[in-house]
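Fold and geometry: a report
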Amino acid sequence: MKNRKSAYLVLDDGRIFEGEAWAKEGETFGEAVFATGMTGYQETLTDPSYFRQVVVMTAPHIGNTGMNTVDEESRRIWVSGFVVRDPSRISSNWRSERDLESELTESGVVGISGIDTRALTRHLRDCGAMRVGIFSGEGLSREEMIRRVRKSPEMVGANLVTEVSIDTKYLVPAVGVKKATVAALDLGIKGATPRLMSERGIEVHVFPFNATFDELSAVRPDGIFLSNGPGDPSTMQSTVELVREILQREIPVFGICFGHQIFGRALGFETYKLRFGHRGINQPVLDKASGKVEITAHNHGFAVRAPTEGIFDTVFGRGRVSHINLNDQVVEGLELLDRPGFSVQYHPEAAAGPHDAAYLFDRFLHLMEGQR
Amino acid sequence: MPKRSDIKSVLVIGSGPIVIGQACEFDYSGTQACRVLRSEGLRVILINSNPATIMTDPEFADATYIEPITTEFVTKVIEKERPDALLATLGGQTALNTAIKLHEAGVLEKHGVRLIGANVEAINRGENREIFKGIVESIGGESARSQICHRIEECITAAHEFNYPVVVRPSFTMGGLGSGIAKDESELREIAGAGLRYSPTTEVLIEESILGWKEFELEMMRDYKDNVVVICSIENFDPMGVHTGDSITVAPALTLTDVEYQKLRNLSINIIRSVGVDTGGCNIQFAVNPHDGRIVVIEMNPRVSRSSALASKATGFPIAKIAAKLAIGYSLDEIQNDITKETPASFEPTLDYIVVKIPRFNFEKFPAADPRLTTTMKSVGEAMAIGRSFPEALQKAMRSLEKKGYSFDFSPEGDLEYELEASRTPTESRIHHVQRALFLGAGVAKVHEVSKIDPWFLDQIEQINEMARELSEPGELTASLLRRAKRLGFSDQQIGSVTALKESDIRRKREGFGIHPVFKTVDTCAAEFQALTPYHYSSYDEESEVEPRTRPAVLILGSGPNRIGQGVEFDYSCVHAAFALKAMDYETVMINCNPETVSTDYDTADRLYFEPLTFEDVMEIYRAELAVGPVAGVVVQLGGQTPLGLAKALEDAGVPIVGTSPAAIDIAEDRGEFGALLIREQLRAPEFGLAYSYDDASAIAERVGYPVLVRPSYVLGGRGMEIVYDDQALASYISRATEISPDHPVLVDRFLDHATELDVDALFDGQELFLAGVMEHIEEAGIHSGDSACVLPPVDLSTQSLMEIRLATEKIARGVGVRGLINIQFAIEDGTLFVLEANPRASRTVPFVSKAIGVPLAKAAAQISLGKSIEQLRAEGMLPKSGDGQARGISVKEAVLPWNRFRKRDGSGVDALLGPEMRSTGEVMGRDDTFGKAFSKSQSAASGALPSTGAVFVSFADRDKAEGIRGTKKLFESGYKLFATSGTANALAKEGINVEQVRKFSEGKGPKGEMTALDLIEGGVVALVINTPFGSGPREDGWRIRTGAVARGIPIITTISGLNAAAEAMVAQRHGDFTVTSLQEWLR
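Before going further, it helps to spend a moment on the overall build of chain B. Broken down by element type, chain B carries 37 helices and 39 strands. Computed over its C-alpha atoms, the radius of gyration of chain B comes to 28 Å, within 12% of the 31 Å expected for a compact globule of 1084 residues. Along the three orthogonal principal directions, the C-alpha set of chain B runs to about 80 × 70 × 65 Å. Buried positions account for 62% of the 1084 residues belonging to chain B. Restricting the contact set of chain B to residue pairs at least 6 apart, pairs at least 24 apart contribute 71%.

Shown next as structure tokens:
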């Protein structure tokens, strides 16, 4: 058995967990968040929304099925640190190409293993998401480690989109007969999103986050898509303005996750930070119109504050909260009644997670088809 | 209020006796259902023939019918109670099949009873393989290529098309009964032939083999709004080819990517919708090809199943409870998650721990049976363990099985080739061969190649092996090494054996280092929300979650996995203790590792520890509970032999044992001390002696007189026990079945061969005796009491004898020092009372007696243990104001035997003979106002009704010929046609009994094609077989007759006393009408 060096996970509030160095040795900082999915660590690692976060996996055995090229959600691993209890020594899956630890090491991700991840999760649940550092292979004092963690940047007020978005736009062609054209704003988009749209006959033009209205218009989109992404939505004022312009022109809009928060801000609602957020693939969301529950994939630390009952007024006409989270009543979806626009806080593209909400892409297509 | 206002009363059908494939998980689910329905203000009517269930306690239903679960009797209950609805999805295959039969007979329609949970169409779509296959195809899934066959020739043609091996699956049987894998035509004829007979629709499926693929199962729930959720994914450690009930299984699935898992999830959702399970649970099984990910849907159960119970315990999501709520009109989002109390049930549990289930087998009781595991379930129970890693959970589960030698062995010597070869075939011990092969250096790839077990699991076992090697290296056992070993699930005992130290040394070392497990919580949500229900498991991790408390705690030790001899009856008593001690305002703490039970429902005790029942594990829980509040003591007398065996060690370690003390237990269990007590009290026991050689044994037999009962002194529970009638048989037994030596003596008892055996259950508080009941065995002496039918009150026992028994019981209880329950077995021969044995604990018959007399014995025992007196209990109304237990009506307990589950390697059946070794898996209760009727009911409920018309085949051993006349005459006189072979026929004819003579099997068919006895049986000519065997060894004729009858499901009687009882029942049946009476009516 390989003898590993000691490593420390140090929280903002001074709590320290001792474990073993895993993946890359060194030090790393980020916001400590826990993810409760039992499958899909590869999708989680490559989801840009986890940028600058140190992700704690609550499932104890991670890495069992290795890594493959097909399941990557973006071009790289984004997490700034990875915390697991029992990393697998072997990869056992017919599609596996590489093993998790070497992939993390190559990507420069500092990890820690062997810690009581449940104790850490309970701490984050009770005290809220907070800054964290992982230190391995170093001989720092506890005080020094805590000091370094407290010097690292906070998530509130962080604008991270510039770092995860792309420089130049690209095209994902429609599969089969083309039914619509969508301009998608990459705020940290996952590969599954354009794929699910293209499977429905949508041609998707993926734009950098700072594309202008004219640039988007140039592809003559039937609708605009706002992707997920990392960071604090309150830092995204210019994107909010862009969305307002789109809504003015009555072009159909669909936002998910970070995109939903921006959509909410464009409607005039504020966003706020949840204590520890929703990160998992088992979140029950109620579709208020149908009364049905969908089990959904979540990854967000912020949320939109809006009245969950009745109809509200915005400068773009009437609207309502379409979905709520049954665990904690958090707003999970918004829709305009007088203009073509809606958004959800969760991930209809799943990956990882259940496919219950994939119908929302159909709804987007119908909305665009209805506008023509 | 229930969402459906059209339902005011519901009939719930239970699952009947514990049999292989259908165990106490359905008591767990049924009990939950009854609780839910009653709390919703519905009138609950329950039918279940199994008295050893919590659900049949009078407080769980408004009207409880302990009656046979047959169309006839359920119809009577419906006619009497007129329920609005029938809930049949929580009582296993028995309830589902009964509901279908009631529907087909038009009973439901006639009385306006609606089937809730799943409708008939959905049940058929889920259970009919052809329709189901069509559904799978229609939603874009794949099934294994297969063909439905109704005749053996069709089976053979299909097999040629798919190439051997092929899988045979009979329709509408439970637990995979009758299914198997055929490698060639002769195997196919054997297996498919039996399958066609087992299937109520004479239908089997012949299927391409997907042996060696990975196997998964998803537990699903759906509500009327069409919300569908996955409660749990389960992965089989054993690849395809082993019934999931016989497989080691793991939750959650560990070797799937999200992409693959979501494919299974999508298929499951589409299947549950297309099958149309309106509300409630179902499970769907999949095979996944490890080389290309091809998914094949195997089957679904449109009901709550054994896996649902496992999934409920594994996740903390109570499937049956929620299913009951959904059935009466709630939707998932309207139901609260019990564990968090703030989130709804419309979500998918997520686990931050690993659950491992290992089946418990009893092959040692069926030495002739083929030990290879197939698609027919053979295990009799299971243990589950929870850990924070797979190795931890696996090793905990292995020690939870309480099977000596079942934990991993790390001795350096071994034969690698042998271990690899043994890893190829799935058997009970394959996991050991796999681990041994790895330990001897085979490597993961090689072991995967022979066993097809996923390399991930093998690497985990390899990590356990590596730790064992590290531990065995010379050098100090450091804190860090010890901690790492504990994290991999090693017990102190295992570490001791690897390091050549004693378990106690390891324990002391560990305590010195301050290395103790912490206790985590099963919370459905991986700690995302706070858990309010204390459902704990241990792990060597950092933070413990046991909450402080102020009330004194009582720890109740459960009985572990079900096995023959220690089944649901003991769980029943433990559950009662939890209820009774809660009522005394103690904080009740349950410790058990059997996922099928009511005791491991987090609703039963105040705190639940899902842990192995070993000294080490119990001590750690005691330590953890002592750290958070006062502990009044530990209850060991209700969970059977398992906790009783721990009592002494716990007491020595300073743990207070409440009730009967370990010293008292010792008196009862030590033959010498107990013998002395009997002499002191002037009570008699059969003469016996301890033999250290054959000559000793022969001398003792000479002294006490043949026949003698012989058994090795070092095994318990009737293992290896035999009755021998002469020197020759004694010599054969000694050489065949024992390793007689000065260290391993053999007990030789005088066998009372024409005695009546009696079982007594009683309570004693140190002052007063409450004699609950005296049960008379219906089978003669020499049949294990667990396998013998018995009747309460005794039918032919004099008042004089009863008084003598009471006196003896009191003397023994006082002499032993019982505080709580005691069970004593007596025998009366020629008017003399003999004491056979005394057990100072709850017995298997406690639930039966409690129901027969209407007194909760286990509750009373628990309260006596904590200091209440019988006088107090009488005043409080738990016990009658005065006197002993009074039986209401005549109650018969009958045992249920698993003969049809086991075959020899050549495919022929194992012999269906009773003996001193217990082999029954469960029991039923038949109750009425005459013995004949009560016995008749017990037979209907157990193995199949005795015939009311038709022919009976009779064949007696010579020594039984005179005795057998009485019962045979009764049958003849009430109009049953009789067949017999020559000897018996002549004996009967002399008594003026008309009988048609048939040829013996050994004589073969006559010149004109005259039938043999076996032809009669196989041709379905006779409806009942009576065959008493001679001596100890089975003879060809008798064995053919008995196995033939078992294979065709024809009731069989093998003893004269069984015949006499059956004759009375059959005469009663001729006189017609039976009525049904609820427990509440009996007790009124």
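Next up on the list: the nonpolar core. Core analysis: the largest hydrophobic core is formed by 481 residues, its most contacted members being B:Leu87, B:Leu555, B:Ile556, B:Val635 and B:Leu763. Considering each element in turn, this core owes the most residues, 9 residues, to helix H20 (residues 568-583) of chain B. Counting contributing residues, this core receives three or more from each of domain 1 (6-151) and domain 2 (161-371) of chain A. The contacts of B:Leu87, once residues within four sequence positions are left out, are B:Val10, B:Val12, B:Ala33, B:Ile116, B:Gly117, B:Ala324 and B:Ala327.

Below, the discussion takes up the domain arrangement of chain A. Residue and element names in this part refer to chain A. One can read the domain layout of chain A as domain 1 (6-151) and domain 2 (161-371). Computed over C-alpha atoms, the centres of domain 1 and domain 2 are 28 Å apart. Taken together, the contact pairs 23 residues of domain 1 with 23 residues of domain 2. Elements with a contribution of two residues or more to the side of domain 1 that touches domain 2: strand S3 (26-35), helix H1 (41-45) and helix H3 (117-127). Looking at which element gives the most residues to the side of domain 1 that touches domain 2, the answer is S3, with 3 residues. Looking at the side of domain 1 that touches domain 2 residue by residue, the class counts come to 9 nonpolar, 8 polar and 6 charged.

Moving on, we come to the sheet that holds strand S6 (residues 81-84) of chain A. Residues and elements named next belong to chain A. Around the barrel, 7 strands lie side by side as S1-S2-S8-S6-S4-S3-S9; this closed barrel has mixed pairing. For this sheet, the mean angle separating the axes of adjacent strands, direction not counted, is 35°. Bridging between strand S1 (residues 6-11) and strand S9 (residues 130-136) involves 5 bridges; their strand directions are antiparallel. Pairing of alanine 7 across the sheet is with serine 136, part of S9. Packed onto the sheet, H3 meets strand S2 (16-23), S3, strand S4 (53-57), S6 and S9 and runs at close to 125° relative to S4. Here helix H4 (residues 142-151) sits on the sheet in contact with S1, S2, S3 and S9, set at roughly 135° to S9.

Basis of the calculations
Residues numbered from 1 in each chain as written. Chains lettered and ligands numbered in written order. Predicted model: local features only at pLDDT ≥ 70, side-chain atom pairs only at ≥ 80, totals over all residues. Helix = DSSP H or I, 4+ residues; strand = E, 2+ residues; numbered from the N terminus. Rg over C-alpha atoms; globule rule 2.2 N^0.38 Å. Buried ≥ 20, exposed ≤ 12 C-beta atoms within 10 Å, placed from the backbone. Contact = placed C-beta atoms within 7 Å. Core = buried A, V, L, I, M, F, W, Y, C linked by C-beta atoms within 7 Å. Domains from an automatic or database assignment. Nonpolar A, V, L, I, M, F, W, Y, C, P; charged D, E, K, R; others polar. Pairing = 2+ DSSP bridges. Axes fitted to C-alpha atoms, helices over the stretch in contact; angles between N-to-C directions.

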